[in-house]
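# Descriptive analysis of the structure
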Amino acid sequence: MKQNTPSATALLIAKSQLLLADDALFAGIVDRTRANFYRRFVEAAIGTPWHLTLVNRYWLKFIQRISLPGLYLHYALRKRCIEQVTREFLEAAQIQQVVGIASGFDPLLAMLCEHFKKVEFFELDHPATQQAKRAVLQNINNLTLLPIDLTNQSVFDVLHGTAFSPEKPTLFIAEGITMYLDEQEIRRFFGHIQSCTVADNCYFLFTYMNKQSSGSIQFESATKWVEWWLWLKKEVFKWGIATEDLPDFLSAMGYRFVRVFDADSLTKEYLASQGGKNRILARGENICLAQRFCGSF
Ligand SMILES: C[S@@+](CC[C@H](N)C(=O)[O-])C[C@H]1O[C@@H](n2cnc3c(N)ncnc32)[C@H](O)[C@@H]1O
């Protein structure tokens, strides 16, 4: 991403969710609380009020049409899935800390920290993106925002010396970031997160591009426009992995593969019951839940 401006993709995701929240067809997929946070984050990032004017609406729809139909719904369902898994851990009191990495303008931790007051929440993101969020989220006791540049800093070092405790059961979340790291950075990233805790019951929930048999690490059916746009914004995809290779990769990194959520399982879980199973959903990015090996690795 560009060093001094908030992530263009994070901004597009937030605006796309505001578009869905306003569309009766997607009622219930992006709720009001989320939408209110998205709006505040977007306005803080661009420094001016932002509304779904006719022009903004058509522009967002146009971008999706020429790039990847079903992309915005994919973002919405991946967020619902991550929220559901996180809430299940919290409600079962299985975790005492949540660390969100590269959260962009996603409001999940801001929403959860109000309800789970005894849980410590940490958000690590590039300072250029996090700046806007910091302006909106002030004085929240159990949510700590920490700047990080993953190309030259480790999650381990950034958490060190904060309220983060290596002894507490923890859930790490990395949504929409692994694709921006190269192979070497990815191995360091997984290794550093693994070494952050010594507790049993630590989990890592992350999204990854499902590497296709052709070697492509792009969304299926993405047009050339997507690659051009990512290149222009300096947010080119660098890493992906085929789902069948995940268990071995994770085991080498000190984790146990738990499960994957793909477009089919997201459709079944969140769209089928609403009669929306025929809606177009972008395919190619999945969500994986892994458990850290207990003891030292
Ligand atoms: C595609 S956005 C995803 C945002 C959010 N997770 C979501 O899904 O809405 C990518 C995120 O990665 C962050 N990012 C990109 N490069 C980074 C880097 N080198 N260090 C830290 N964060 C980075 C951006 O700031 C942004 O928040």
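Heads up: these notes are all about the structure in this document. What you see is a predicted model; the values in this text were computed from it and never measured.

Assigned secondary structure in the protein chain consists of eleven helices and seven strands. Relative to the 2.2 N^0.38 estimate, which gives 19 Å for 297 residues, the radius of gyration of the protein chain is 18 Å and therefore close to what a compact globule would have. Principal axes of the C-alpha set define a box for the protein chain whose edges measure 55 × 45 × 40 Å. Within the protein chain, buried positions represent 42% of all 297 residues. Partitioning the intrachain contacts of the protein chain with sequence separation of at least 6 by distance along the chain shows that 75% fall at a separation of at least 24.

The buried fraction of strand 5 (residues 203-209) amounts to seven of the seven residues, a majority that puts the element mostly inside the structure. Here strand 5 shows a buried face lined by Y203, L205, T207 and M209 and a second buried face lined by F204, F206 and Y208. Pairing of strand 4 (residues 170-174) with strand 5 involves four bridges; the strand directions are parallel. Bridge pairing links L171 to Y203 in strand 5. After leaving strand 4, the chain enters helix 8 (residues 183-195) and then returns to the sheet as strand 5, a path that is right-handed.

Where helix 2 (residues 32-46) meets helix 6 (residues 127-136), the closest approach of the two axes is 8 Å, and the angle between their N-to-C directions is 120°. In terms of axis orientation, helix 2 runs oblique to helix 6. Crossing geometry of helix 2 relative to helix 6 is assigned as right-handed. Along the contact surface, helix 2 presents R40, F41, A44 and A45, while helix 6 presents A132, K133, A135 and V136. For the contact of helix 2 with helix 6, the residue count by class is six nonpolar, no polar and two charged.

Quick look at the environment of T9 now. Inspection of the secondary structure assignment puts T9 in helix 1 (residues 8-21). Judged by the 19 C-beta atoms lying within 10 Å of it, T9 is partly exposed. Separated by 205 residues in sequence, T9 and S214 have C-alpha atoms that sit 25 Å apart.

Of note, A102 is a non-glycine position whose phi angle comes to about 55°, a positive value. For A102, the location among the structural elements is in the loop between strand 1 (97-101) and helix 5 (108-115).

Calculation notes
- Residues numbered from 1 in each chain as written.
- Predicted model: local features only at pLDDT ≥ 70, side-chain atom pairs only at ≥ 80, totals over all residues.
- Helix = DSSP H or I, 4+ residues; strand = E, 2+ residues; numbered from the N terminus.
- Rg over C-alpha atoms; globule rule 2.2 N^0.38 Å.
- Buried ≥ 20, exposed ≤ 12 C-beta atoms within 10 Å, placed from the backbone.
- Contact = placed C-beta atoms within 7 Å.
- Pairing = 2+ DSSP bridges.
- Right-handed = clockwise from strand over helix to strand, strands pointing away.
- Axes fitted to C-alpha atoms, helices over the stretch in contact; angles between N-to-C directions.
- Parallel < 35°, antiparallel > 145°, perpendicular 65-115°, else oblique.
- Left-handed = near helix turned anticlockwise from the far one by under 90°.
- Nonpolar A, V, L, I, M, F, W, Y, C, P; charged D, E, K, R; others polar.

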